[in-house]
Amino acid sequence: MNRLMSLFTNNPAGRRGYLKYDAYKYIGTGMLFMFLVLLATVYLSPLLYMGSTALKSEVQLSDPDDPIIPQGAKTYHYVSPDHESFKYTYRRPVTLEYNGEEMPVYEVIAQGQILNYALVDAETALFIDTGNIEAGPVELDIDISSLKRAIERERLEVPLYDVDVNGETKRLGLIEKYEDGSTLWMDPENINVEPVRLPIEANPDNLVRTESDLRLYHVPIDGETKVLALLESKRNSATFVDPDNPEELIKLDDIRVRGLDSVWELEFHPENFKDAIDQIEYFRLFRNTLIMSVIGGFGAMISATLVAYGFTRFNIPYGNILFLILLATIMLPPQVTQIPTYIVFREIGWIGTLLPLIVPHFFANAYNVFLLRQYMMGIPLELDDAARVDGANPLQILWHVIIPEARPAMVAAYLFHFLFAWNDFQQPLIYIGGNEDNQVLAVGLQRFTQIYSSQQHLMMAAGILTMLVPLAVFFLAQRIFMQGVVITGVEK
Amino acid sequence: MTTEIDTTSDIQADLRTEIAEPRLTPRRAQILWGYLFLAPWIVGFLVFIAGPMLASLYLSMTNYSIGSDRPTEFIGLDNYKRMFALDIQKGDEGEEIVFKPGYQEWTSVGDYHIGAEDHRFWQSVEVTLKYAVVALPLSLALALFLAILTNIRVPGVTVFRTLFYLPTVIPAVVSASVFLQFLRQQDGWLNNYALEPFGITGPDWLQNPEFAIPTLTLIATWGIGTTMLMFLAGLQNVPTELYEAARVDGANFFSRFWHITVPMISPVILYNLVIGLIGTFQYFTIAYALTADVQMGGRDLSMYFYNMHVYREAYVFFEMGYASALAWILLIIILIVTVAVFRTSTRWVYYAAGGR
Amino acid sequence: MSKVKVLVPVLVMVALVALALAPMTGDSAVEAQEPVTVTIFVGVGTGYQPYQQDAQNALADEWNATHDDIKVVFEYHDNTTARDELLTRVAAGDPPAIVGPAGVRTVYEISNMWADIGALMEADVAEINMDDFDAASFDMYELGGRQIAIPLGVYPSFVYVNETIFEDGEVELPPVEYGEWTWDDLKEKAMALTQDVNGVYLGEEGFDAANIEVYGYFPFWTNFRASTILFSPEDAGVQINDDGSVTATFNQEAILTASKFYHDGIWKDTYMPNIDAEGAIGEGVSNPFVSGRVAMGVSHTWLFGGMKDGVESGAFTDSWNVYPSPTALNGITTARVHADTFAIMDGFENQDAAWQVLKWLTSQDVSLELCKTYGCMPARLSVRGDWEAEWLEIFPELDLDVVYGALEYLDAPNHEGYMPNYARAWDALELFWNNLRTDPDMDVEASLNEVNAEVQALFDEALAE
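Reading the values: the criteria
- Residues numbered from 1 in each chain as written.
- Chains lettered and ligands numbered in written order.
- Predicted model: local features only at pLDDT ≥ 70, side-chain atom pairs only at ≥ 80, totals over all residues.
- Heavy atoms only, no water.
- Contact = heavy atoms within 4.5 Å.
- Buried area = accessible area lost by both parts, 1.4 Å probe.
- Salt bridge = Lys/Arg side-chain N within 4 Å of Asp/Glu carboxyl O.
- Polar contact = N/O pair within 3.5 Å; in protein donor to acceptor, adjacent residues only side chain to side chain.
- Helix = DSSP H or I, 4+ residues; strand = E, 2+ residues; numbered from the N terminus.
- Nonpolar A, V, L, I, M, F, W, Y, C, P; charged D, E, K, R; others polar.
- 1 Å grid on protein atoms, 1.4 Å probe; cavity = no way out; pocket = protein on both sides within 12 Å on 5 of 7 lines; lining within 4 Å.
- Points joined across faces, edges and corners; volume = space filled by probe spheres on them.
- Domains from an automatic or database assignment.
- Pairing = 2+ DSSP bridges.
- Axes fitted to C-alpha atoms, helices over the stretch in contact; angles between N-to-C directions.
- Buried < 20%, exposed > 50% of the residue type's maximum accessible area, 1.4 Å probe, protein only.
- Expected span 1.5 Å × (residues − 1).

### Notes on the interface of chain C and chain B
Alright, step 1. Each partner contributes to the interface: chain C provides 44 residues, whereas chain B provides 42 residues.
Alright, step 2. For the pair chain C and chain B, the summed buried surface comes to about 3,500 Å²; carbon and sulfur atoms form 56% of the total.
Alright, step 3. Along the contact surface separating chain C from chain B lie 5 salt bridges.
Alright, step 4. Between R424 of chain C and E313 of chain B there is a salt bridge, and its shortest N-O distance comes to 2.6 Å.
Alright, step 5. There are 10 residue pairs in polar contact (both at pLDDT 80 or more) connecting chain C and chain B.
Alright, step 6. Among the elements that make up the side of chain C that touches chain B, the one with the highest residue count is helix α1 (residues 2–27) of chain C (10 residues).
Alright, step 7. Of the residues in the side of chain C that touches chain B, the class split is 21 nonpolar, 9 polar and 14 charged.

### Brief notes about empty space enclosed by the protein
All names here are of chain C.
Alright, step 1. Under the criterion given, the structure shown has 6 cavities of 30 Å³ or more.
Alright, step 2. Estimated volume of the second largest cavity: approximately 70 Å³.
Alright, step 3. Along the walls of the second largest cavity sit F218, P219, T222, Y262, I266, M272, P273, E278, W433 and R437, which together make up its complete lining.
Alright, step 4. Counting residues per element, the ones that place at least two in the lining of the second largest cavity are α11 (253–268) and α18 (422–438).

### As for unusual backbone geometry
Leaving glycine aside, a negative phi is the common case for residues, and trans is the common case for peptide bonds.
Residue and element names in this part refer to chain C.
Alright, step 1. Omega for the peptide link from G100 to P101 comes to -5°, which places this bond in the cis form.
Alright, step 2. Mapped onto the elements, P101 comes out in strand β3 (residues 98–103).
Alright, step 3. P413 follows A412 through a cis peptide bond whose omega is 0°.
Alright, step 4. Examined against the element boundaries, P413 turns out to sit in the loop between α17 (400–405) and α18.
Alright, step 5. Even without being a glycine, D235 presents a positive backbone phi close to 55°.
Alright, step 6. The residue D235 is located in the loop between α10 (224–228) and β9 (238–240) in this model.

### Remarks on the domain arrangement of chain C
Residue and element names in this part refer to chain C.
Alright, step 1. When the domains of chain C are assigned, the result is domain 1 (36–154 + 338–395) and domain 2 (156–336 + 412–464).
Alright, step 2. Using only C-alpha atoms to locate each centre, domain 1 and domain 2 end up separated by 29 Å.
Alright, step 3. Counting residues at the interface gives 16 residues for domain 1 and 19 residues for domain 2.
Alright, step 4. Taking both sides of the interface into account, the surface hidden between domain 1 and domain 2 amounts to around 1,600 Å²; carbon and sulfur atoms contribute 71%.
Alright, step 5. Looking at the side of domain 1 facing domain 2, the largest losses of area belong to R105, H338 and F395, adding up to 44% of the total buried there.
Alright, step 6. There are 0 salt bridges connecting domain 1 and domain 2.
Alright, step 7. Connecting domain 1 to domain 2 are 3 residue pairs in polar contact (both at pLDDT 80 or more).
Alright, step 8. Looking at the side of domain 1 that touches domain 2, the elements that each hand over two or more residues are α4 (104–109) and α16 (384–394).
Alright, step 9. Element by element, the count of residues in the side of domain 1 that touches domain 2 is highest for α4, at 4 residues.

### Overview of the interface of chain B and chain A
Alright, step 1. With 111 residues of chain B at the interface, the matching set in chain A holds 116 residues.
Alright, step 2. Summing both partners gives a buried area of about 10,500 Å² for chain B against chain A, and 75% of it is carried by carbon and sulfur.
Alright, step 3. Applying the counting criterion to the chain B and chain A interface returns 0 salt bridges.
Alright, step 4. Applying the counting rule to chain B against chain A returns 14 residue pairs in polar contact (both at pLDDT 80 or more).
Alright, step 5. Per-element accounting of the side of chain B that touches chain A gives the leading share, 20 residues, to helix α2 (residues 26–59) of chain B.
Alright, step 6. The class makeup of the residues in the side of chain B that touches chain A is 76 nonpolar, 26 polar and 9 charged.

### What about the sheet that holds strand β13 (residues 196–198) of chain A?
Alright, step 1. Ordered by their spatial adjacency, 5 strands build an open sheet running β3-β10-β11-β12-β13 (chain A), and the pairing between neighbours is antiparallel. Pairing within the sheet leaves two strands with one partner each, and these edge strands are β3 (85–93) and β13 of chain A. Averaged over all adjacent pairs, the angle separating strand axes in this sheet is 50°, with direction ignored.
Alright, step 2. Pairing between strand β12 (residues 183–186) of chain A and β13 of chain A: 3 bridges, direction antiparallel. In the strand pairing of β13 of chain A, T183 of chain A is matched with L198 of chain A.
Alright, step 3. Here α16 of chain C sits on the sheet and contacts β3 and β10 (151–165) of chain A; the angle it forms with β3 of chain A, its principal contact strand, is near 165°.

### A short note on the sheet that holds strand β1 (residues 86–90) of chain B
All names here are of chain B.
Alright, step 1. Spatially, β1-β3-β2 is the arrangement adopted by the 3 strands of the open sheet, whose pairing is antiparallel. The open sheet terminates on both sides in strands that have one partner only, identified here as β1 and β2 (104–109). Strand after strand, the sheet turns through a mean of 25° between neighbouring axes, direction not considered.
Alright, step 2. Bridge count between β2 and strand β3 (residues 112–116): 5 bridges; the pairing is antiparallel. Bridge pairing links T107 to I114 in β3.
Alright, step 3. Of the strands in this sheet, β1, β2 and β3 touch helix α4 (residues 119–149), which is tilted by about 45° from β2.

### So, the environment of A461 of chain A
All names here are of chain A.
Alright, step 1. Secondary-structure assignment places A461 in helix α16 (residues 456–487).
Alright, step 2. What makes A461 buried here is its relative accessible area of 0%.
Alright, step 3. Along the primary structure A461 and T53 are separated by 408 residues, whereas in three dimensions their C-alpha atoms are 8.0 Å apart.

### As for helix α12 (residues 394–405) of chain A
Alright, step 1. When the terminal C-alpha atoms of α12 of chain A are compared, their 15 Å separation across 12 residues agrees well with the 16 Å that a helix rising 1.5 Å per residue should span.
Alright, step 2. Of the surrounding elements, those touching the buried residues of α12 of chain A are α6 (282–313), α10 (366–376), α11 (381–389) and α13 (407–423) of chain A together with α2 of chain B.
Alright, step 3. Here α12 of chain A starts with a cap whose side-chain oxygen sits 3.0 Å from the backbone nitrogen of L395 of chain A, and that cap is N393 of chain A.

Shown next, in the form of structure tokens:
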């Protein structure tokens, strides 16, 4: 530790207890620490964006004044003296007055057109074409029970009342008052249900008052800033409610509402993470991904160790050519080998399973072999020779000499593969195909981001969720790095 | 078995041990052992990789198109000819240039206008090379810098290491989306919170063609965790004794860095360089994700990379034959560069086990 | 000793090969008793949203509960990658049975991969009840003499209007009858409603064009042909001549006017967002209209679902409705339409099983259920009333006269209709459209002539083959 620090402060090592040296050491460490903090902050700022966005609400994100940290716009609940009305489209069944009687009109479909016919007599299937009444009734060869009533649409606006119906209070819209004192009502929750006539009068005391959550703004009035709730805005003016005195409305001229600052308060939305977990079916995909990455990682690491050992410690004829072929396998863009590779996996019946994503890695890939080759070539041959003197065979040399020395590189290779497998979505996409049982996180995430491409809060939450395991694995693996070094005795 | 087997003097070893074990010489045993260790790769290569590679090589010499009524024919090297066909015309300013039919202008040098049968091929080569020249050295240097920093034992160094590695584990689709938001001209964080306070009006990072390569480089420097990790693993293996000895000789920090650290981790530098080259030439995902929603390759095709051209021909226009030809040319380009790097590596890469 | 040394590597290699090939022997022994599986490949269009998946799976369960011989499976893919997956499987000789819901463009782009169902339709004409469809709706799916699909649903378009922005801006709402306003009227209203972050309106002193909060008009989720068709160009830019040749007329007056309308609107008059601002508007919301920053935008019935999301999440609190498409300079009104359907893949071996499923998908009840979840208006006339009632439950104020009125003004030929060399021609037009939206200094007329010539060359090349 001391010696390593002195590497940086350029001080002679090993003079413990020397005051000046300690001071240098602490100043150096402190400065370096500060520098790292600064660097990390700048470097990770896009990540802060992720974290902050993942906790925001859709309402905040869609606001052009969206603050950097998760906040919610503060509102004021206002009960207005005005009465609430309900605008809707009433689908009134059409009838035709014929011979003084109201006949129901039905839709009859013929040759790509909807025609309206009034039913005169159900038993004989007599109809009248509403567009040609003079022609008189005609018999249609048609199953009346399959016909649908013709409707006409009427746009209505009705006042809302709290009405007592059979001891229950219901919110209904008043369509019509009749002379006999009865009234016609509709249910705003079920606008397609026929209105009902009730033997009661509409009581003005039961009219529903308009309630709403008004957004609060910092409003400058006469040189001071007040917090007011916005009721109505116009081109150059606005009407506000003072939460302290809601009875009196404040109308301001010459004000631009969009230029005002709204009142924000801290508000976190961790439920974004829950939404993401539910939508992606996180845990099932997580299990598949973990199986694939962990097993594949071991396969990649072990096979690459063997192959790299073969390349570095044995003088194989055409070894260099073989090595170049190995490297060439990762030089061809995967887009053009995708289809033939798919055919290979289909022939051996692996499509729809995790096998194409695991088994091939037990046969070494160029990235890891190359990496381990570079490390093994840095391990002095004297170590092999010493073992050989003791009668070790190549397998024993690999186990007792090479592997302990190459441990950091092996861990790096494992991590390399683990991370690749965890985030790769092109291969699972093609080889797992439509088999949802074996789906992996990267594909789930890709779909999720496609569905919610503009709802960044959900997308970032999902992204963070998929990062957790690779991060944890890295955090743990780097300890093995250090351990490996200590075990081989190259103490730092 | 004798004990003096040395890979650098195989012939001597052969001679010496021939007599002792006539049936299986150590040389042959060594080769057998070697192939045994290589077996996993050779089998995997034959089963999973060789077939599809050869298939694409064959397709590159056909006019195969997925789902087309056109019969697939063997057309030899026509796909390769189409790729490289150029038509150079001299024309003064204001003069209208007429190329051969089917040719479109790719670029002009002085009065000379260069038309190409596949001008997008040349465009993609140009963009890819520009990016490789800028982004690769920068991200290698930054990765090495971070590796050295986090190889020093300051408090919480494991946390810092994890933090610098962190961007690497962000899935590409998510990080593309992050940067789409982060780099937006009007209200992105970079322009709004980092540049505006200093009175700088931020550029349109994503749409302005002049910023295409800088923007992608910026994004690339963010994903160097793996490279940093490889360097770290290399730095871990530099014996401390070497530094001790150098310090006794009075070498300063930079001298020690240049004369000890660099040679000792040169195998890792070579690795990161070659893998980086392959990755850069095949660069695709981020640029695709940034531009696919609008127009693949961005405005004026300033983010149109080679692999996008391959992808476009294969999956947008279904021309699998031509796409395979493009892919094989890429393989050849990368292979040539890689072999060249390996050739020079004998001069600057130090292997404790002896260079080969 | 030495024999062992030779044997070991050989044995290891054999073992490795055996390991690699092991599952092959296991799977090939599947008995032939199983029902035929008809896979429906969802993802080239809509249909992969979670709530849509639930609805489709419920339908498949219904079918599977009553059929032993054919098993229906909906398979979901993500929109951005679905085509790659589909092509890989087709090329590898492993195509799904049915693809859909697919739009007109998908149908044309991979036109050679669909099966001809003409003869099958002929045989089952009574069951299909052709009377229930608008006769013209079949024409869209006739490619080179082959009938490849039964219509499922259409998505007519209209102008979505944020009435709150109009009210706040004290601008009169557009007319509710077709043929009563023009694109110039729309532009005038849009400019009157455009507002910067400080609340200053376009044209007022101190207007900050770099920080606009409300845009008067934003034609989102669109492309070159879709945007310019609204100006009613002849033949939708693709003129098919009697001698079989095809002339590209994308530089005609109507399309030039449209292109200038968009270029000026974005860069000169700034009442339409550029791509950078599009990103800012879209941030956090399921569609740009529910951001509350768009006064008017043209979109289709499929936005009903998005409006529902926006209202339910609380992001959208303004009042809105649909209004008629404006009339173009030549006096013709065009309401752009999209259409979705399912089609059988040519390479699927059991065509008859696929046909049974296709008939079921386009039957009355099933097509209604599917259209409810996709947002399309059912192609079958008999179920439109049910569809309408469904949407009124959610949006009681929706102006259905405008919705149905659009059917009188649909674009024919369709803006996604036939072109020779479809994918490349489409791509060339998109490059022009993208440059128009990113390059303030573009010479619109010259570039349009250029791209038209390029497209003509692509047409000629394809027809010469």
